[in-house]
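Report on the structure
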Amino acid sequence: MKTKNIYSLPLKEDTVFLAISDPSAHYSHWKHAIDFSINFNVPILAALDGEIVDVKDDSTEGGNDEKYADIKYQNYITIKHAHNEFSQYGHIAHKSSLVKVGDKIKKSDPIAKGIGVVGYTTVPHLHMMVCANKDNKVGFESLEIQFDKKINIVRNGKEHLKELAKPKFKHLRELVEKYHSNNQNL
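Just so it is clear, the structure is predicted and the values come from calculations on it, not from any experiment.

1. Topic: the overall build of the protein chain
Scanning the protein chain from N- to C-terminus turns up two helices and 14 strands. Summarising its shape, the C-alpha atoms of the protein chain cover approximately 40 × 35 × 30 Å along the three principal directions. Scored against the burial criterion, the 186 residues of the protein chain give a buried share of 49%. Contacts in the protein chain between residues far apart in sequence, at least 24 positions, make up 70% of those at least 6 positions apart. With an accessible surface of roughly 10000 Å², the protein chain has 50% of that area assigned to carbon and sulfur atoms. Charge centroids of the protein chain, computed over 26 positive and 24 negative side chains, lie 3 Å from each other.

In structure tokens, the structure reads:
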């Protein structure tokens, strides 16, 4: 099911990013989540007007180990929007939140200073999902995000590597390579 709301990118328009929604990483109740490969110092923006309903940015740990899937390692911001939709921004950097629960925000307001390598992650990225409450095991269902601008969303690992090899993504490729070389023991 698609979102009723139309969302903007959670990044400034001139940001170099690669949007990925790989079914091998996002399935079941996460199936419509999008990972934005970006640099660490890119501010995270609200994708739509709303109210901050949850903020957690106290974790300093993360990596490619299932133990990091535990909520204690997650950093995220959740915003409630019209039509009872919720957007969530995950893997934000430690103590980078610029908002608190109860804040009313407008589309494109900065909500976090940037991403970090926190929670269960194989590469640095911003995880964005829009969901609605649902009477099921997890309590929600992810929705296919409708954006106000056309964006290319890579849907598989091979295509992801092909895109990452393009010259415009050189810095993102170097970031991924650096992360992997620094975390060989994970």
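2. A closer look at the packing of aromatic side chains
Applying the stated criterion across every chain, the model contains two aromatic pairs. Arranged with centres 4.9 Å apart and planes meeting at 80°, the rings of Tyr68 and Tyr73 form a pair that is edge-to-face. Note on Tyr73: relative accessible area 12%, which makes it buried.

3. Observations concerning the environment of Met129
Mapping Met129 onto the fold places it in strand β12 (residues 126-133). Given a relative accessible area of 2%, Met129 falls into the buried group. Taking the C-alpha atoms as reference points, Met129 and Ile34, 95 residues apart in sequence, are found 6.3 Å from one another.

4. Focus: the nonpolar core
The nonpolar side chains of soluble globular proteins are, as a tendency, buried together. Judged by nonpolar contacts, the single largest core of 32 residues is most densely connected at Phe36, Ile38, Ile44, Leu126 and Phe147. Of all the elements in the fold, those that place two or more residues in this core are β3 (34-37), β7 (76-80), β10 (110-112), β12 and β13 (140-147). For this core, the leading source of residues is β12, giving four residues. The residues contacting Ile38, other than those within four sequence positions of it, are Leu11, Thr15, Val16, Phe17, Ile44, Ile115, Leu126, Leu172 and Leu175.

5. Focus: the pairing of β3
Burial along β3 is two-sided: Ile34 and Phe36 and Asp35 and Ser37, pointing in opposite directions, are all buried. Sheet topology note: the strand β2 (residues 18-20)/β3 ladder contains three bridges and is antiparallel. If you follow Ile20 over to β3, its bridge partner there is Asp35. Where β3 and β12 come together, three bridges link them in antiparallel fashion. Directly across from Phe36, in β12, lies its bridge partner Leu126.

6. Remarks on the pairing of β7
In terms of residue burial, β7 counts as a mostly covered element, since four of its five residues are buried. Sheet topology places strand β5 (residues 50-56) next to β7; five bridges connect them, and they run antiparallel. Across the sheet, residue Lys56 finds its bridge partner in β7, namely Tyr76. In terms of strand pairing, β7 meets strand β8 (residues 85-90) through five bridges, oriented antiparallel. By the bridge assignment, Lys80 is partnered in β8 with Phe86. In textbook terms, the turn of a hairpin is the stretch between consecutive antiparallel strands, and for β7 and β8 this stretch comprises four residues, one of which, His83, has a positive phi near 65°.

7. Here we look at unusual backbone geometry
Generally, phi is negative for residues other than glycine and the peptide bonds are trans, each holding for most cases. Even without being a glycine, Asn84 presents a positive backbone phi close to 55°. Inspection of the secondary structure assignment puts Asn84 in the loop between β7 and β8. Backbone geometry at Ser108 places phi at a positive 80°, although glycine is not the residue there. Mapped onto the fold, Ser108 is located in the loop between β9 (104-105) and β10. Judged by relative accessible area, Ser108 falls into the partly exposed class, the value being 40%.

Analysis parameters
Residues numbered from 1 in each chain as written. Predicted model: local features only at pLDDT ≥ 70, side-chain atom pairs only at ≥ 80, totals over all residues. Heavy atoms only, no water. Helix = DSSP H or I, 4+ residues; strand = E, 2+ residues; numbered from the N terminus. Buried < 20%, exposed > 50% of the residue type's maximum accessible area, 1.4 Å probe, protein only. Contact = heavy atoms within 4.5 Å. Areas by Shrake-Rupley, 256 points an atom, 1.4 Å probe, with all protein chains shown as cover. Lys, Arg positive; Asp, Glu negative; His and termini not counted. Charge placed at Lys NZ, Arg CZ, Asp CG, Glu CD. Phe/Tyr/Trp six-rings, centres within 6.5 Å; stacked < 30°, edge-to-face > 60°. Core = buried A, V, L, I, M, F, W, Y, C linked by side-chain atoms within 4.5 Å. Pairing = 2+ DSSP bridges.

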